[in-house]
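Single-letter residue listing:
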Amino acid sequence: IFPGVGNIIKIESLHRSKIDPRRMVNSITDIELRRLIRYARQYSMDWLQTGRAGTKLVYNQTVCGTCKGMTIKMQKIGGSSAADGNSSSNSMSRVTFWCTS
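Structural notes, computed from the coordinates. These numbers come from a predicted model, not from an experiment.

1. Examining helix α1 (residues 7-16)
Step number 1: Of all 10 residues in α1, 8 are buried, a share of seventy percent or more.
Step number 2: Regarding α1, the residues found buried are I8, I9, K10, I11, E12, S13, L14 and H15.
Step number 3: The inward-facing, buried residues of α1 abut α2 (30-50) and β2 (94-99).
Step number 4: Where α1 ends, the next residue or the one after it, K18, has phi of about 60°, a positive value.

Listed below in structure tokens is the structure:
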């Protein structure tokens, strides 16, 4: 959904926006998209101002920073799909983390 946005910013913004990273882009409502953009911008600007990534609630974590449960799932998402005939691993896919609760 955000080409060029770093993986940490993408993952943390999706989490804070309560959007499952496995959702199809065309299923995201305008309200959800605005909320996602707001969180991505806020996280990015905080990083720019401090020179450090903000608190990571799900990225590279085993315990969710929001619900405190061991509910973090990790999966490679993105790149090619089986529909395009390329079943091999695509270099454009990235590891994504999300809370399952």
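2. Comments concerning the pattern of salt bridges
Step number 1: Enumeration over the complete set of coordinates arrives at 3 salt bridges.
Step number 2: Taking the shortest distance from any N to any O, the salt bridge between R16 and E12 comes out at 2.5 Å. In this pair, R16 and E12 both sit in helix α1, 4 residues apart, roughly one turn of the helix.
Step number 3: The exposure class of R16 is partly exposed, given its relative accessible area of 21%.
Step number 4: R23 is the partner of E32 in a salt bridge, and the nearest nitrogen-oxygen pair spans 2.9 Å.
Step number 5: Residue E32 is classed as buried on the basis of its relative accessible area of 14%.

3. Focus on the environment of G78
Step number 1: Relative to the elements of secondary structure, G78 occurs in the loop between β1 (72-77) and β2.
Step number 2: With relative accessibility at 42%, the residue G78 sits in the partly exposed group.

4. Looking at unusual backbone geometry
Step number 1: You will see that K18, though not glycine, has its phi angle at about 60°, which is positive.
Step number 2: Within the secondary structure, K18 is located in the loop between α1 and α2.
Step number 3: Among the residues examined, K18 registers a relative accessible area of 71% and is labelled exposed.

5. Topic: the packing of aromatic side chains
Step number 1: Tallying each qualifying case throughout the model produces 2 aromatic pairs.
Step number 2: Ring geometry for Y43 and W47: centres 6.3 Å apart, planes at 85°, overall edge-to-face. With Y43 and W47 both in helix α2, this residue pair falls 4 residues apart, about one helical turn.
Step number 3: Assessed through its relative accessible area of 29%, W47 is described here as partly exposed.
Step number 4: Look at Y59 and F97: their rings are 5.3 Å apart centre to centre, the planes differ by 65°, and that puts the pair in the edge-to-face class. Here F97 lies in strand β2 and Y59 lies in the loop between α2 and β1, a separation of 38 residues in the sequence.
Step number 5: For F97, a relative accessible area of 8% corresponds to the buried category.
Step number 6: A cation over an aromatic ring shows up here: R38 above the ring of Y39, its NZ or CZ 5.4 Å from the ring centre.

Rules of the game
Every chain is numbered independently, its residues counted from 1 as its sequence is written. Owing to the predicted nature of the model, reporting of local features is limited to residues with pLDDT of at least 70; listing and counting of side-chain atom pairs is limited to 80 or more, with chain, interface and lining totals taken over all residues. By convention in this description, side-chain values take in all heavy atoms of the structure and omit both hydrogens and water. A 1.4 Å probe rolled over the protein chains alone gives each residue an accessible area, and that area as a share of the maximum for its type sets the label: buried under 20%, exposed over 50%, partly exposed in between. Under the DSSP-based scheme used, a helix requires at least four consecutive residues in state H or I and a strand at least two consecutive residues in state E, with every element numbered from the N terminus. We call two residues contacting when some pair of their heavy atoms lies within 4.5 Å. Any Lys or Arg side-chain nitrogen located within 4 Å of an Asp or Glu carboxyl oxygen qualifies as a salt bridge. Two aromatic rings from Phe, Tyr or Trp, using only the six-membered ring of Trp, form a pair when their centres are within 6.5 Å; if the ring planes differ by under 30 degrees the pair is stacked, by over 60 it is edge-to-face, and anything between is tilted. As a reminder, the over-ring test applies to NZ of lysine and CZ of arginine, requiring each to be within 6 Å of the ring centre and within 35 degrees of the ring normal.

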